[in-house]
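# Coordinate inspection notes
Below are the chains, spelled out letter by letter.
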Amino acid sequence: MKVPFATKNRTATHRFVFVALFVMLPSAPMFYSQETQSPASSAQHRTDVSIPMRDGVELRADILLPSAEGKFPALIYRTPYGKHFAPKEYKTFEKAVARGYAVVVQDVRGRYASDGEFVAYQNEGRDGFDTIEWAAKQPWCDGNVGTFGLSYPGAVQWLAAVENPPHLKAMVPAMTFSTPRNFFYSGGVFDGSWLEWIWVNIAPDIRKRKNLAGPRTYQEAEETWKREHEHLQSFLPLRDLPDLKDVAPFYYEWLAHPAADLWWEWAELRKKYERVHAAVLNLSGWYDEAYGPDGATTNFNGLLATRKGEKDPRTRTIIGPWTHGGQEKTRAGERDFGASSAIDYDELILRWMDRYVRGIENGVEREKPVRLFVMGKNIWRDEDAWPIRHANATTYYLRSESNSAHFARLNPTEPDRPGSYNEFISDPAHPLTDPHTAYGAHDYRALAGRKDVLTYDTDPLEADTEVTGPIRAEIYVSADVPDVDLWVRLLDVAPDGTAFNLMSPGLDVLRASYRDEKPQPELLKPGEIYKLTLDRMLTSNVFRAGHQIRIQISGAFFPHFSRNPQTGESEIVSSKMCPAHVRIYHEPDHRSRIELPIIPTEARR
């Protein structure tokens, strides 16, 4: 959810969508206010306009106004990545002005032209509220306000919306979260990509502002990351990493609070939907960061529940086959999904705003509230609800004829052999590492057969099989250590052996000590069998006839998420590590299985 500048490094690419054109753009302007005429759109352009927050801190924004006289509805875009870069990267702003909107592009607190201290996400609720209400009262605004943006600029919308600003009429928060438990952490495991996000995108401007040593430009930070990332990513304990102490104290504050700590309530959206009265269009991709499709569906259903009975609930969700920020591309990693998979993101935003900010009857409210791209078949599916009502939950059991096997079977027949299990090794000093450097669809066939991976395949499918919806895995586990992480990854295996992942890593992991989501870890007793349930996975894919459904199980998927030391202590406070032998059971009393939402043939379109 962090987004903006595209990079080639391992964890960066999935977090950042501004293109590398950034490195050629000019530095931020000095603090002054001016009015110029944009030759492209003849819009009035006011630079570095001061907007006071309730605590007296001034944030600064560039304001684009149509050349005509009068009052206009306002669209607000708030970013930590430099307001002066945004219009050079996106055409949304000039298109909105040409459509008759005033546009406010603001640096969030502590970034570039704005005053104050940057504390990632924590000030965005209050500051967003104050900015929305400020804009509504300006002489050029008619009092109707909308917000838009992707990733961090998407998160700021939600954090402001739950503060219930009276003049917010509509929002389009793209590729963003619903809960800190699937955002800062996932399944109780800390998200390792925050480290690179801070290093490359946040730290340079802060070093410049505070006159600190180290990289002060995006280019310099990217180059040093290439040299230093292995040291930074592997450093333990996490809280003792010295490199960000001066530039990002908020990072260490995050580390001080485990996923279920009540401290995180400031970032929890799931309990606050009744506070949101704006029309909300949710957008994500199957290969977005994992919190994205989970956020789009969870937030959508949360709003529907609070608006039950309304003729027009004013919310919709759209999920395509995209990576983070790749909604106008047809390709995600090594899969190309055809011309229909890309969308006109600007038109999507402006059409939603036309309906719910300006009140134009354009038919948006008559469209199906759920739009999904079905991968494999490469078509769009329009539905009335999420999950799809006519999906059939179909159980596939893990099975094996040999306890020593690392290749085993996956099928609808319940296991009947007592004492059946498979075992893999999990060594945090040498974790299973993602061989691919960017998110998207990739061929993971090379992971099968390793001693730290178990692979379960169905027989080749006799007919096309569509899986669309939430996925639930119940895995019975024992280990000879107090704690382990469990990764359960779903793949589509083609007849030539190609094994494509169907989602980005994050929702397919669970830390055993976090199995009941309690603030304090519940450690394992060595040798005792526990049921671990992963119920946040989701996708939409047609497994073609002749393909196989694969489940791949491991104890790590580094460096996307932190490593479990497996000693019973957290990697946040300890550097001691212990290898583990982990058993996955599939016997009559412990039937490890995965439930897939299968769409009946007659329901496919």
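What counts as what
- As a convention, each chain's residues are numbered from 1 in the sequence order in which they are written.
- At least 70 in pLDDT is required for a residue's local features to be given in this predicted model, at least 80 for side-chain atom pairs to be given and counted, and no such filter applies to totals for whole chains, interfaces and linings, which use all residues.
- The side-chain figures draw on all heavy atoms in the structure; neither hydrogens nor water molecules are used.
- On a scale of 0 to 100, pLDDT captures the predictor's confidence in every residue.
- Contact definition: two residues touch when any of their heavy atoms are within 4.5 Å.
- Think of each axis as a best-fit line through the C-alpha atoms, taken over the contacting stretch in the case of a helix, with angles from 0 to 180 degrees between the N-to-C directions.
- A helix here means a DSSP run of H or I that spans at least four residues, while a strand means a run of E at least two residues long, and both kinds are numbered starting from the N terminus.
- Any angle that is under 35 degrees is reported as roughly parallel, and any over 145 degrees as roughly antiparallel; angles of 65 to 115 degrees are reported as roughly perpendicular and all others as oblique.
- Gly falls in the polar group here, along with every residue not listed as nonpolar (Ala, Val, Leu, Ile, Met, Phe, Trp, Tyr, Cys, Pro) or charged (Asp, Glu, Lys, Arg).
- Burial classification: accessible surface area is computed with a 1.4 Å probe over protein chains only, and a residue below 20% of its type maximum counts as buried, one above 50% as exposed, and the rest as partly exposed.
- Pairs of N or O atoms are called polar contacts if they sit within 3.5 Å, as long as, within protein, a hydrogen donor faces a hydrogen acceptor (for residues adjacent in sequence, only side-chain-to-side-chain pairs).
- Salt bridges, as used here, are contacts in which a Lys or Arg side-chain nitrogen is within 4 Å of a carboxyl oxygen on Asp or Glu.
- Here, nonpolar core means buried Ala, Val, Leu, Ile, Met, Phe, Trp, Tyr and Cys residues that are tied together by side-chain atoms lying within 4.5 Å of each other.
- A pair of strands is treated as paired once DSSP finds two or more bridges between them.
- In this analysis, rings of Phe, Tyr and Trp, with Trp reduced to its six-membered ring, are considered paired at centre separations within 6.5 Å, and the interplanar angle assigns stacked below 30 degrees, edge-to-face beyond 60, and tilted for intermediate values.
- We call a charge positioned above a ring when the Lys NZ or Arg CZ atom is no farther than 6 Å from the ring centre and deviates by at most 35 degrees from the ring normal.
- One less than the residue count of a helix, multiplied by 1.5 Å, gives the span that helix is expected to have.
- Put simply, a crossing is left-handed when the front helix is turned counterclockwise from the back one by less than a right angle, and right-handed when it is turned clockwise.

Summary statistics for the protein chain give a mean pLDDT of 93 and a share of 93% for residues scoring 70 or more. Low pLDDT, under 50, characterises residues 3–41; the predicted model gives this stretch 134 contacts beyond four residues in sequence or across chains.

Here we take up the packing of helix H3 (residues 124–136) against helix H4 (residues 152–161). Between H3 and H4, the shortest axis-to-axis distance is 7 Å and the interhelical angle comes to 80°. The pairing of H3 with H4 is recorded here as roughly perpendicular in orientation. Along its contact with H3, which presents Glu124, Gly125, Gly128, Phe129 and Ile132, the element H4 presents Tyr152, Val156, Leu159 and Ala160. Class assignment of the residues belonging to the contact of H3 with H4 gives a composition of six nonpolar, two polar and one charged.

One can find Thr317 in strand E11 (residues 315–323). For Thr317, a relative accessible area of 0% corresponds to the buried category. Of note is the side chain of Thr317, whose polar atom sits 3.3 Å from the backbone oxygen of Ala296. If near-sequence neighbours (up to four positions away) are discounted, Thr317 is found in contact with Asn282, Ala296, Thr297, Phe300, Pro369, Val370 and Arg371.

On to the pattern of salt bridges. For the structure shown, the criterion picks out 47 salt bridges. As a salt-bridge pair, Arg60 and Asp115 come within 2.9 Å of each other at their nearest N and O atoms. Of this pair, Arg60 sits in strand E3 (residues 58–65) while Asp115 sits in the loop between strand E5 (102–107) and H3; the two residues are 55 residues apart in sequence, bridging distant segments of the chain. With a closest N to O distance of 3.2 Å, Lys226 and Glu223 form a salt bridge. Here Lys226 pairs with Glu223, and both are found in helix H6 (residues 218–234), just three residues apart, close to one helical turn.

Moving on, we get to the nonpolar core. Within the largest apolar cluster, 166 residues are counted, with the highest numbers of intra-cluster contacts made by Tyr121, Trp197, Tyr251, Trp254 and Ile584. Aside from chain neighbours lying at most four places away, what touches Trp254 is Ala120, Tyr121, Gln122, Phe184, Tyr185, Phe190, Trp194, Trp197, Trp263 and Trp264.

With omega at -10°, the peptide bond leading from Leu236 into Pro237 counts as cis. Residue Pro559 follows Phe558 across a cis peptide bond; omega there is 5°. By the secondary structure assignment, Pro559 is in the loop between strand E25 (548–554) and strand E26 (580–587). Phi angles above zero are rare outside glycine, and Tyr112 is one such case at about 50°. Positive phi values are uncommon outside glycine, yet Met175 reaches one of about 55°. Considering the arrangement of structural elements, one finds Met175 in the loop between strand E7 (168–174) and strand E8 (185–186).

Moving on, we come to the environment of Leu304. Relative to the helices and strands, Leu304 is located in helix H8 (residues 291–306). Measuring from C-alpha to C-alpha, the distance between Leu304 and Asp452 comes to 43 Å, with 148 residues separating the pair along the chain. In this structure Leu304 touches Pro313 and Thr315, once residues within four positions along its chain are discounted.

Taking burial as the measure, the eight residues of strand E4 (residues 72–79) include eight buried ones, the bulk of the element. As paired strands, E4 and strand E6 (residues 141–150) are joined by four bridges and run parallel to one another. Across the sheet, Ile76 pairs through a bridge with Thr147, a residue of E6. Bridge analysis of E4 against E5 gives six bridges, and the strand direction is parallel. Note that in E5 the partner of Thr79 across the bridge is Asp107.

Another aspect to go through is the packing of aromatic side chains. Pairs of aromatic rings are described using the distance from one ring centre to the other and the angle between the two planes. Tallied over the entire structure, the rule returns 43 aromatic pairs. Seen in terms of ring centroids, Trp158 and Tyr273 are 6.0 Å apart; in terms of plane orientation they differ by 80°. Their pairing is edge-to-face. A residue pair is termed long-range when its members are at least 10 positions apart, and Trp158 in helix H4 and Tyr273 in the loop between helix H7 (249–255) and strand E10 (279–287) qualify at 115 residues. Grouping residues by exposure puts Trp158 and Tyr273 together as buried. Above the face of the Trp199 ring, Arg207 is positioned so that its terminal group lies 5.0 Å from the ring centre.

The element E3 is extensively covered by neighbouring structure, given that seven of its eight residues are classed as buried. Examined bridge by bridge, strand E2 (residues 44–52) and E3 share seven bridges and lie antiparallel to one another. In the strand pairing of E3, Val49 is matched with Ala61. Counted between consecutive antiparallel strands, the loop separating E2 from E3 contains five residues, among which Gly56 sits at a positive phi close to 95°. Sheet topology note: the E3/E5 ladder contains four bridges and is antiparallel. Among the inter-strand pairings, Leu64 is bridged to a residue of E5, identified as Val103.

For H8, which comprises 16 residues, the first-to-last C-alpha distance of 22 Å matches the rise-based estimate of 22 Å (1.5 Å per residue) to within 8%. With respect to burial, H8 is a largely interior element, twelve of its 16 residues being buried. Listed in full, the buried residues belonging to H8 are Tyr291, Gly292, Pro293, Asp294, Gly295, Ala296, Thr297, Thr298, Asn299, Phe300, Gly302 and Leu303. The secondary structure elements touched by the buried residues of H8 are H4, E10, E11, strand E14 (370–374) and strand E24 (530–543).

A few words on the side chain of Thr297. Mapped onto the fold, Thr297 is located in helix H8. On the basis of relative accessibility, which here comes to 5%, the residue Thr297 falls in the buried class. One polar contact links the side chain of Thr297 to the main-chain carbonyl oxygen of Pro293, over a distance of 2.9 Å.

Let's shift gears to H3. Between its terminal C-alpha atoms H3 stretches 18 Å, which fits the 18 Å expected from 13 residues at 1.5 Å a residue. With eleven of 13 residues buried, H3 is to be regarded as a mostly interior element.

It is worth spelling out the packing of helix H5 (residues 193–210) against H6 at this point. Their axes nearest at 10 Å, the elements H5 and H6 cross at an angle of 155°. By the angle between their directions, the pair H5 and H6 is classed as roughly antiparallel. Like other packed secondary-structure pairs, H5 and H6 cross with a definite hand, here right-handed. Taken together, the residues of H6 that come into contact with H5 (itself represented by Leu195, Glu196, Trp199, Val200, Asn201 and Pro204) are Tyr218, Ala221, Thr224, Trp225, Leu232 and Gln233. Residues that form the contact of H5 with H6 fall into these classes: eight nonpolar, three polar and one charged.

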